[in-house]
Amino acid sequence: MKIEQLKLDRAIHLLIERHLDGLIVYSNGGKNILRPNYFHYFSGCKPLGPQNAVILSKSKRAALLVTPPWDSFRCSSRGWIRDVRGTFRFLDDLIRTIKEFGIRDNIGVSGAEEMNIEVYEGLREIGYVVLADDIITEMAKDKTEEEIEKARMAGKVADAGYKAFIESSRPGITEYELLAEIEIAMRKAGSDDNFNLISSGSHNQAMHPPTDRRLREGDLIIAEISPVVDGQVVQICRTIVLGKATTLLIEKYEILVKALRESLKTIKPGIAASSMAVAMNKVISEAGYAKYCAPPYMRARGHGMGAGSIAPGGVIDEDTHAPFERGQVVVVHPNQYIPETGYLACGETVLVTETGVERLVESLTVLYEKGV
């Protein structure tokens with residue numbers, strides 16, 4: 001069965017099960033690697049303009065309403081929904097389409113947090129609005145082979161970004177220029193979007209957007225490299241030293257590598273996600289850094305990636321009791337501030353399988369010494 005028919009059939013089944021007349025999947029065009037883009041997932045088209053919606057009725061009628069109007073041509077070729085309508089008057093055309101499709105009473109809305117008050121109140125004038133992010137989340141839990149292959153492709157792109165990170169790191173280059181080289185390499189490798197952070201210096205505090213600071217001999221460079229391939233995201237966290245690493249630095253980084261290794265062992269379907277964070281914190285705490293296993297010294301032990309993953313938009317920590325499920329794409333990163341060395345980046349993305357995990361990247365999470 002084609003993926004578009006699969007999505008349509010699943011959505012209609014869930015609409016009927018929840019006694020909904022129709023579903024609106026909304027997007028304001030924003031992109032965030034932590035927050036699932038339900039519109040992109042369902043329609044297959046990445047939104048560009050500030051107001052976009054899928055309108056789906058339980059009678060299997062589906063339309064795509066997009067701004068700006070000229071983007072309808074792109075969306076017609078990218079997504080699976082054939083009825084694509086560009087609009088200058090989004091709310092008027094949204095209401096008109098809803099009425100045309102016979103959606104009258106219970107209206108499911110996915111992506112309501114992106115919706116402005118005018119659109120939300122407009123929907124309430126038609127019928128009873130039911131928050132329905134869970135419909136898309138439920139659909140996305142069962143990844144298709146096509147979606148899994150795209151995640152694997154994103155892993156290859158992340159490897160290309162890491163290779164560029166290694167090759168382009170040198171004294172004199174600015175953080176902006178270095179991240180630009182990483183971006184170019186990933187675009188060439190097949191990404192359609194990238195979210196990257198970086199930091200450089202002798203004692204980093206955290207990763208951040210690039211600055212005009214120039215790299216120097218002896219610097220530690222940390223990076224979070226996150227390419228997107230058709231809605232599938234992979235993230236790797238890497239640390240490079242310009243020159244020879246000290247024995248102290250090697251020792252401290254190995255603590256994080258061990259924490260990563262031990263936490264990956266806990267990931268299996270049905271196991272609470274908190275177990276991953278517990279295993280990670282145990283290794284770091286036993287090394288004498290229990291105090292640093294909490295903000296502001298770290299942000300999260302991991303997080304989900306996209307629709308259908310665990311803890312989308314949130315974090316994975318010792319209080320995340322939702323279980324891992326087969327097909328989830330999960331970021332595992334013991335990124336950590338260590339007082340003797342500063343903040344270190346260490347982590348990667350895995351696919352949850354029946355028996356454990358599948359690494360989505362080939363590059364190893366190691367402390368890389370550039371120029372040695």
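Check the entry above for the structure.
Description of the structure in this document.

Cut-offs and rules
- Residues numbered from 1 in each chain as written.
- Predicted model: local features only at pLDDT ≥ 70, side-chain atom pairs only at ≥ 80, totals over all residues.
- Heavy atoms only, no water.
- Helix = DSSP H or I, 4+ residues; strand = E, 2+ residues; numbered from the N terminus.
- Polar contact = N/O pair within 3.5 Å; in protein donor to acceptor, adjacent residues only side chain to side chain.
- Axes fitted to C-alpha atoms, helices over the stretch in contact; angles between N-to-C directions.
- Parallel < 35°, antiparallel > 145°, perpendicular 65-115°, else oblique.
- Left-handed = near helix turned anticlockwise from the far one by under 90°.
- Contact = heavy atoms within 4.5 Å.
- Nonpolar A, V, L, I, M, F, W, Y, C, P; charged D, E, K, R; others polar.
- Buried < 20%, exposed > 50% of the residue type's maximum accessible area, 1.4 Å probe, protein only.
- Pairing = 2+ DSSP bridges.
- Salt bridge = Lys/Arg side-chain N within 4 Å of Asp/Glu carboxyl O.

Details of the environment of Glu340
(1) Moving on: For Glu340, the location among the structural elements is in the loop between strand E13 (336-338) and strand E14 (342-344).
(2) Moving on: Spatially, the C-alpha atoms of Glu340 and Leu248 are 8.1 Å apart, while their sequence positions differ by 92 residues.
(3) Moving on: Only 2.9 Å separates the side chain of Glu340 from the side chain of Tyr289, close enough to count as a polar contact.

Side note on the packing of helix H4 (residues 90-100) against helix H5 (residues 117-124)
Helix packing geometry: the angle between the two helix axes and the distance between the axes.
(1) Moving on: Two elements in contact, H4 and H5, have axes separated by 10 Å at closest approach and are oriented at 25 degrees. In terms of orientation, H4 and H5 fall into the roughly parallel class. Along this stretch, H4 crosses H5, giving a crossing that reads as right-handed. For the pair formed by H4 and H5, the contact residues are Phe90, Leu91, Leu94, Ile95 and Ile98 on the first element and Glu118, Val119, Gly122 and Leu123 on the second.
(2) Moving on: Residue composition of the contact of H4 with H5, by class: seven nonpolar, one polar and one charged.

Regarding the pairing of strand E7 (residues 193-201)
Sheet faces and side chains relate simply in a regular strand, where the side chains alternate between the two faces.
(1) Moving on: E7 sits mainly inside the fold: seven of its nine residues count as buried.
(2) Moving on: By the bridge criterion, nine bridges tie E7 to strand E8 (residues 220-229) in an arrangement that is antiparallel. Bridging across to E8, Ser200 finds its partner in Ile221.

Digging into the pattern of salt bridges
(1) Moving on: Overall, the coordinates contain 27 salt bridges when judged by the stated rule.
(2) Moving on: Among the ionic pairs, Asp92 bridges to Arg89, the shortest N-O distance being 2.5 Å.
(3) Moving on: On the accessibility criterion, Arg89 (56% relative accessible area) is exposed.
(4) Moving on: Residue Lys141 pairs with Glu138 through a salt bridge whose shortest N-O separation is 3.9 Å. Here Glu138 and Lys141 lie together in helix H6 (residues 133-141), a separation of three residues that amounts to about one turn.
(5) Moving on: For Lys141, a relative accessible area of 29% corresponds to the partly exposed category.
(6) Moving on: On the basis of relative accessible area, Glu138 is assigned to the partly exposed category, the value being 39%.
(7) Moving on: In this structure, a network of salt bridges that share partners links the residues Arg61, Asp83, Arg85 and Glu100.

Note that all results are geometric; they support no functional claim without further evidence.
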